[in-house]
Amino acid sequence: MSTDARTPLSLAARPETEARWWAAPLTGTVLAPALTAAVSSAENTFADRTFLAAAGLLISYALILPSWFLARTPARRQRRNGLVIAGCAIAAWFPALISTAGWAVFLIALFTGRIDG
């Protein structure tokens, strides 16, 4: 008979889970569409092109979605928060980015003679 006092594998030390791990992903999931709607309506950017607003929202959700599936430990909090912040930043800046890129292409085409003003 052995006097070895080992714990079974199922009771092995697990990393502690964070109590409110869901706060950042939930905030990003709710805030991203609100930011997209607010910014695009303020600039009147996507009035007739809702597919561009949907594209900005999908890009931001592509960044926010992995934050729901990261390990729920305090060590992953910074990564989870970073993904949510990046997703919300994309949701807020996508309309301005598309407008700036569109104007840049238009002006370059105009000044190089590709189109007639």
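Details of the structure are given in the entry above.
Residues numbered from 1 in each chain as written. Predicted model: local features only at pLDDT ≥ 70, side-chain atom pairs only at ≥ 80, totals over all residues. Heavy atoms only, no water.

Moving on, we come to the overall build of the chain. The secondary structure content of the chain amounts to 3 helices and 0 strands. Listed N to C, the secondary structure of the chain is α-α-α in terms of helices and strands. Sorting the 117 residues of the chain into buried and exposed places 25% on the buried side. Contacts in the chain between residues at least 24 apart in sequence constitute 73% of all its contacts with a sequence separation of at least 6. Carbon and sulfur atoms make up 66% of the accessible area of the chain, which totals about 8500 Å². (Helix = DSSP H or I, 4+ residues; strand = E, 2+ residues; numbered from the N terminus. Buried < 20%, exposed > 50% of the residue type's maximum accessible area, 1.4 Å probe, protein only. Contact = heavy atoms within 4.5 Å. Areas by Shrake-Rupley, 256 points an atom, 1.4 Å probe, with all protein chains shown as cover.)

Another aspect to go through is the environment of F46. Tracing the backbone through its elements, the reader meets F46 in the loop between α1 (23-43) and α2 (50-69). A residue is classified by how much of its surface remains accessible, and F46, at 7% relative accessible area, is buried. For the pair formed by F46 and S99, sequence separation is 53 residues and the distance between their alpha carbons is 9.6 Å. If we ignore the near neighbours within four places in the chain, the residues touching F46 are S40, L52, A53, F94, P95 and I98.

Turning to the side chain of T36, a few remarks are in order. Among the structural elements, T36 can be located in helix α1. With residues near it in sequence (within four places) discarded, T36 still touches A53, L57 and A91.

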